[in-house]
There are 2 protein chains.
Amino acid sequence: MAKVEKLVCVICGREYQQEDTEYTCLSCGREGILDIRYDYEAVKKTVTRDRLRSKSDYSIWRYGDLLPLSRFDLRFYLQVGWTPIYQVERLGRYYGLKSILIKDDGRNPTASFKDRASAVGAVRALEKGSRTIACASTGNAASSLAGLSASVGLESFIFVPQKAPQAKIAQLLIFGATVILVNGTYDQAYDLSMDACEEWGWYSGNAATNPYLIEGKKTVGLEICEQLDWEPPDVAIFSVGDGCTIAGAWKGFKEFYELGLTRKLPRMVGVQAEGASPVYRSFVTGEKLETIIPDTIADSIAVGKPRNYIKALNSIRESRGTMVTVSDEEIINSIKVLGEKAGVFGEPAGVAGLAAIPKLLEEGFMDRGEVICHVVTGNGLKDIQSAMKAKGTLISVEPHIEDVREKLHQRTSQEGD
Amino acid sequence: MAKVEKLVCVICGREYQQEDTEYTCLSCGREGILDIRYDYEAVKKTVTRDRLRSKSDYSIWRYGDLLPLSRFDLRFYLQVGWTPIYQVERLGRYYGLKSILIKDDGRNPTASFKDRASAVGAVRALEKGSRTIACASTGNAASSLAGLSASVGLESFIFVPQKAPQAKIAQLLIFGATVILVNGTYDQAYDLSMDACEEWGWYSGNAATNPYLIEGKKTVGLEICEQLDWEPPDVAIFSVGDGCTIAGAWKGFKEFYELGLTRKLPRMVGVQAEGASPVYRSFVTGEKLETIIPDTIADSIAVGKPRNYIKALNSIRESRGTMVTVSDEEIINSIKVLGEKAGVFGEPAGVAGLAAIPKLLEEGFMDRGEVICHVVTGNGLKDIQSAMKAKGTLISVEPHIEDVREKLHQRTSQEGD
């Protein structure tokens, strides 16, 4: 139950009170993303290491005093957040790193990081008296919003472009969402969802432009600090699509730092796919972001018009971080590396950051002794097609031990060549 | 570090010490499943409510004093177990039940209940000095064993029948398993895997016949008791394929009861698909189990030759439980009901038990005021194809608000008819 002091537009800096506007800046329109600021002096009194240690709620709600919600009685039962963080020695050895930490956010209720945002969005919708929530998405954000809405009895309307894959639509239907198939692009579906929210008073669960949802995302930064016993990593790597995941995580790291709970901040690394790298280009050139047509297998970060790039770039610059691009081939290889070395199955966007590690070492951005943290943002089961592109060892045999013996012998001989 | 007192054959009752045999009864062969018994007087001293309450390890390893392992330093980092249990009011209202509890075991590392078994199997393999583990399966058991083996650096060989679906093979390859594609049936693949374990000294991770793996499964029963503050449910529902999941859960409930930690036992309900119900038939007729050719969409319980049916039937009879069959149509409908009412996405076998609820009420097996617990044994993302068979609301629109208005209006009018 944090006291929200103000909401600040990331473009013009205009300040608002919560009752003034729910989503974006009234001057800058839908581009004017807002950033929520709290009365941190008040927060300091309730958010302390000791108080957190005594909490038995292992979910994002343990950070209720840093979330912009007032009706905590509306929190729901699905356990979102407090996903495990693993130090994986074999993966460290593979990359030649002293320490790599993997936080598996594919362990959330609908199997992606997005549940953090949807959880806060769903409770906010209930607080505002909405019975209906809507968003435009084909991916994790949509299934997450539909699933968490279902759990609290909110009706959900999900706007998806017509070419969205059947499997992703199936997941939405299972959660009881009304799926609106838009004969147009993702951007048209997005605009339509916002228009519909205005027309029918539905709550907008579009994470990119709803400042409450990004507050849910910041819990990953808070959790990492607490799970690592208040010693944040040196480097935190996130894949970047729209930009609000890395921005959210950074807000979490920064708030705990400013509250005096941690004594350092990680450098943030934003990783984009080569075929969908508008934020990267803007980072490198310093020029205004140019919209592109995305082309990558990492569908969760295949964003041509990132709506939260200003927040993303701010987080990278403020933290003295950097950006890197990786190829689809490198992404597919990373799925395999993570599976083999850690026993964790990530979706393409969820492992893209791993592919950046050799480049970050080569460029001298980080050294092998630093503590690196990588968040796997989605479960690999969400995209079996991409996983199937990775190579593996498949041996066909007749149902006799003699044949197994022979085939394994052949393989060993070949490996010895 | 429980002291194993003996291993008892479920067929002939012959008793063994741990060093005598690793898998099955030496007299009864591969049919002679063993049951592990501990020195419960010793266990009583270390497994107490207070001791458990003070543990900060929220995984199956918190029950180490009731597991047949000695080298706890070999426990690995992947967080297996302690999956959330939810009281879902909306689902209760749907079924007309006062209280229904959903335990979401799809939240395990490889997204299924099988991780409980594989975790114990992998540690046991390491204890025995094995570098390699093997099993025959096309489903959750295989991906689980491959994933957990990868996390500890064990090499894995998975024997699968040639007709296994590509997607399931992909998951195995991602975890670095060597996949042996057997030109034959599942039963041939199983026998071949056992032969290969004997020939090369690999550890057998076949859950059906390895008594250590079932000990991992029992942790679900232990957890339910502890998570419900030592008040077990009146009825616990499990889907039944091979039979060792329900048998494992029952062993957990029973051990806590016999240790004096709980004061009652749930009645166990075993649910099979109509097209794969050999255990059900044996339960109803009282006759010896007859092997069948399974035909159901619930692949995780599509077992024609259940190897653990004796243990399964024992658990149902001992607990004064019952068995029910459900149709594929009822299973698909349950996927939708669970998704819509609870926000949980289960695979067909993972929701089959829900489909049994109306029948159990109708038959008078349980009444509406009892506490029912259903374990969702696998994540729905494992089988998108089946989920797509469920009906949902899909509306196609042109990218204009006018069209959305019209289509929604049409739908409302139709609903009013």
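Residue positions are given per chain, counting from 1 as you read along its sequence in written order. By the order in which they are written, chains take letters starting at A while ligands take numbers starting at 1. Selection of residues for local features in this predicted model requires a pLDDT of at least 70, selection of side-chain atom pairs for listing and counting requires 80 or more, and totals for whole chains, interfaces and linings are taken over all residues. As a rule here, side-chain values come from all non-hydrogen atoms in the structure, and water together with hydrogens is ignored.

In the nomenclature of an unreviewed UniProt entry, chain A corresponds to Threonine synthase from the organism Candidatus Hakubella thermalkaliphila. Per UniProt, chain A carries the Function (unreviewed entry) text "Catalyzes the gamma-elimination of phosphate from L-phosphohomoserine and the beta-addition of water to produce L-threonine." UniProt positions are given in the numbering used here, feature names are shortened, and annotations may be inferred rather than shown by experiment. Quoted verbatim from the Cofactor (unreviewed entry) heading of the UniProt record, the comment on chain A is "pyridoxal 5'-phosphate".

1. A closer look at the UniProt feature "domain: Tryptophan synthase beta chain-like PALP" (unreviewed entry) in chain A
As annotated in UniProt, the feature "domain: Tryptophan synthase beta chain-like PALP" (unreviewed entry) corresponds to residues 78-378 of chain A in the numbering used here. Counting from the N terminus, the helices are the DSSP runs of H or I reaching at least four residues and the strands are the DSSP runs of E reaching at least two. Along residues 78-378 of chain A the backbone is 45% helical and 17% strand, and the end-to-end C-alpha distance reaches 17 Å.

2. Some details on the packing of aromatic side chains
Stacked, tilted and edge-to-face are the three classes applied to pairs of Phe, Tyr and Trp rings, where Trp contributes its six-membered ring and a pair requires centres within 6.5 Å; stacked means planes under 30 degrees apart, edge-to-face means over 60, and tilted covers the rest. Per the stated rule, a full pass over the model turns up 21 aromatic pairs over all chains. Seen in terms of ring centroids, Y63 of chain A and F256 of chain A are 6.0 Å apart; in terms of plane orientation they differ by 70°. Their pairing is edge-to-face. Here Y63 of chain A is found in the loop between α2 (49-53) and β4 (85-87), whereas its partner F256 of chain A is found in helix α10 (residues 244-258), with 193 residues between them in sequence. In terms of burial, Y63 of chain A and F256 of chain A fall into one category: buried. Ring plane angle 80° and centroid distance 6.0 Å describe the contact between Y38 of chain B and Y40 of chain B, whose orientation is recorded as edge-to-face. In this scheme, a residue with accessible area under 20% of its type's maximum is buried, one over 50% is exposed, and one in between is partly exposed, where area comes from a 1.4 Å probe on protein chains only. Taking the relative accessible area as the measure of exposure, Y40 of chain B reaches 21% and is therefore partly exposed. A network of ring pairs unites the aromatic residues Y58 and W82 of chain A together with Y58 and W82 of chain B as a single cluster. Two conditions define a charge sitting above a ring: the NZ of Lys or the CZ of Arg must be within 6 Å of the ring centre, and it must be within 35 degrees of the ring normal. The side chain of R62 of chain B reaches across the aromatic face of W82 of chain B, ending 4.6 Å from its centre. The ring of Y212 of chain B is capped by R124 of chain B, whose NZ or CZ atom sits 4.1 Å from the centre of that ring.

3. Some details on unusual backbone geometry
Of note in this structure, W82 of chain B is not a glycine but carries a positive phi near 50°. Within the element layout of this structure, W82 of chain B appears in the loop between α2 (49-53) and β4 (85-87).

4. As for the pairing of strand β1 (residues 4-9) of chain B
Residue and element names in this part refer to chain B. Pairing of β1 with strand β3 (residues 34-38) involves five bridges; the strand directions are antiparallel. If you follow K6 over to β3, its bridge partner there is R37. What makes two strands pair is DSSP finding at least two bridges between them. With two bridges connecting them, β1 and strand β2 (residues 15-16) associate as antiparallel partners. Residue pairing across strands places V8 opposite E15, the latter belonging to β2.

5. Let's talk about the domain arrangement of chain A
Residue and element names in this part refer to chain A. When cut into domains, chain A gives domain 1 (85-111 + 213-387) and domain 2 (115-206). Residue ranges for the domains originate in an automatic or database domain assignment. Relative placement of domain 1 and domain 2: their C-alpha centres are 25 Å apart. Taken together, the 18 residues of domain 1 in the interface contact 17 residues of domain 2. When two components associate, each loses some accessible surface as probed by a 1.4 Å sphere; the sum of these losses over both components is called the buried area. The junction of domain 1 with domain 2 conceals about 1,500 Å² of combined surface from both sides, 48% of it contributed by carbon and sulfur atoms. When the buried area of domain 1 at its contact with domain 2 is split by residue, T110, L213 and R307 rank highest and sum to 46% of it. Within this document, salt bridges are pairs made up of a side-chain nitrogen of Lys or Arg and a carboxyl oxygen of Asp or Glu, the two lying within 4 Å of each other. At the boundary of domain 1 with domain 2, the tally comes to three salt bridges. Where D187 meets R307, a salt bridge forms, and the shortest distance between an N and an O atom there is 2.8 Å. In protein, a polar contact means a hydrogen-donor-capable atom and an acceptor-capable atom, both N or O and within 3.5 Å, with residues adjacent in sequence counting only if both atoms are side-chain atoms; elsewhere, any N or O pair within 3.5 Å suffices. Run the count over domain 1 and domain 2 and you get nine residue pairs in polar contact (both at pLDDT 80 or more). Going through the elements one at a time, α8 (211-217) and α9 (219-227) are the ones with two or more residues in the side of domain 1 that touches domain 2. In terms of residue class, the side of domain 1 that touches domain 2 is made up of four nonpolar, five polar and nine charged. Note on contacts: a residue pair is in contact if any heavy atoms of the two residues lie within 4.5 Å. When residues are grouped by polarity, Ala, Val, Leu, Ile, Met, Phe, Trp, Tyr, Cys and Pro land in nonpolar, Asp, Glu, Lys and Arg in charged, and all others, Gly among them, in polar.

6. Some remarks on the sheet that holds strand β14 (residues 393-397) of chain A
Ordered in space as β14(A)-β8(B)-β7(B)-β6(B)-β9(B), the five strands form an open sheet in which the pairing is parallel. Both outer strands of the open sheet, β14 of chain A together with β9 (203-204) of chain B, are each paired with one neighbouring strand and no more. Inspection of the sheet shows strand β6 (residues 132-136) of chain B paired to strand β7 (residues 155-161) of chain B by five bridges, in the parallel sense. Each residue of the ladder has a partner; that of T132 of chain B, found in β7 of chain B, is E155 of chain B. Sitting on the sheet, helix α7 (residues 186-200) of chain B is in contact with β14 of chain A together with β6, β7, β8 (178-182) and β9 of chain B, with an inclination near 150° to β7 of chain B. What counts as an axis is a line fitted to C-alpha atoms, over the stretch in contact for a helix, and the angles between N-to-C directions run from 0 to 180 degrees.

7. A few points about the interface of chain B and chain A
With 73 residues of chain B at the interface, the matching set in chain A holds 73 residues. Across the interface of chain B and chain A, roughly 6,100 Å² is buried in total on both sides, 65% from carbon and sulfur atoms. Summed over the three residues of chain B that lose the most area to chain A, namely R107, I174 and L381 of chain B, the buried surface amounts to 12% of that side. Between E199 of chain A and R405 of chain B there is a salt bridge whose closest N-O contact spans 2.5 Å. Counting the contacts that link chain B with chain A gives 26 residue pairs in polar contact (both at pLDDT 80 or more). Among the elements that make up the side of chain B that touches chain A, the one with the highest residue count is helix α6 (residues 166-174) of chain B (seven residues). A breakdown of the residues in the side of chain B that touches chain A according to their chemical character gives 42 nonpolar, 19 polar and twelve charged. Here strand β8 (residues 178-182) of chain A runs beside strand β14 (residues 393-397) of chain B; their pairing, made up of five bridges, is parallel. Bridge pairing in β14 of chain B links L181 of chain A to S396 of chain B.

8. Considering the relation of the copies chain B and chain A
A least-squares superposition brings the copies together, and it is based on the C-alpha atoms of residues with pLDDT no lower than 70 in both. Between the two copies, chain B and chain A, the superposition gives an RMSD of 0.0 Å; the rotation angle is 180° and the shift along the axis is 0.0 Å. Such values leave the two copies arranged in the relation of a two-fold axis. Comparing interface residues between copies, 100% of those in chain B also lie at the interface in chain A; the contact surface is shared.

9. What about the pattern of salt bridges?
Residues and elements named next belong to chain A. Per the stated rule, a full pass over the model turns up 54 salt bridges over all chains. Across the pair E22 and R124 runs a salt bridge, and its minimum N-O distance is 2.7 Å. With E22 in the loop between β2 (15-16) and β3 (34-38) and R124 in helix α4 (residues 115-127), the pair connects residues that are 102 residues apart, well separated along the chain. Looking at E22, the relative accessible area reads 10%, which means it is buried. A salt bridge links D191 to R30; the nearest nitrogen and oxygen atoms lie 3.5 Å apart. One end of the pair, D191, is in helix α7 (residues 186-200); the other, R30, is in the loop between β2 and β3, with 161 residues separating them in the sequence. According to the relative accessible area criterion, D191 is partly exposed, its value standing at 35%. In this structure R30 comes out as partly exposed when scored by relative accessible area, which is 27%.

10. Considering α7 of chain B
Residue and element names in this part refer to chain B. Helix span, as expected, comes to 1.5 Å for every residue beyond the first. Helix length check: α7 (15 residues) gives 21 Å between terminal C-alpha atoms against 21 Å at 1.5 Å per residue, within 8%. When α7 is considered as a whole, its buried residues turn out to be A189, Y190, L192, S193, M194, A196 and C197. Between the side-chain oxygen of the N-cap and the backbone nitrogen of D187 there are 3.3 Å, and the N-cap of α7 in question is T185. Just downstream of α7 lies G201, where phi reads positive at about 70°.

11. Some thoughts on the sheet that holds β3 of chain B
Taken in spatial order, the three strands of this open sheet run β2-β1-β3 (chain B), and their pairing is antiparallel. Sheet topology places β2 and β3 of chain B at the edges, where each strand pairs with a single neighbour.

12. Thoughts on the side chain of T132 of chain B
Along the chain, T132 of chain B falls in strand β6. Once residues within four sequence positions are removed from consideration, T132 of chain B is found in contact with L154, E155, F157, W202 and Y203 of chain B.

13. Some remarks on the environment of G221 of chain A
All names here are of chain A. Among the secondary structure elements, G221 is positioned in helix α9. The spatial distance from the C-alpha of G221 to the C-alpha of P232 is 8.9 Å, given a sequence separation of eleven residues. Non-local contacts of G221, meaning those with residues more than four positions away in its chain, are made with A249, G252 and F253.

14. A short note on the UniProt feature "modified residue: N6-(pyridoxal phosphate)lysine" (unreviewed entry) in chain A
All names here are of chain A. Following the UniProt record, the feature "modified residue: N6-(pyridoxal phosphate)lysine" (unreviewed entry) maps to K114 here. Residue placement: K114 occurs in the loop between β5 (99-104) and α4. Every residue in contact with K114, bar those within four places of it in the chain, is listed here: N140, A141, S144, K217 and T245.

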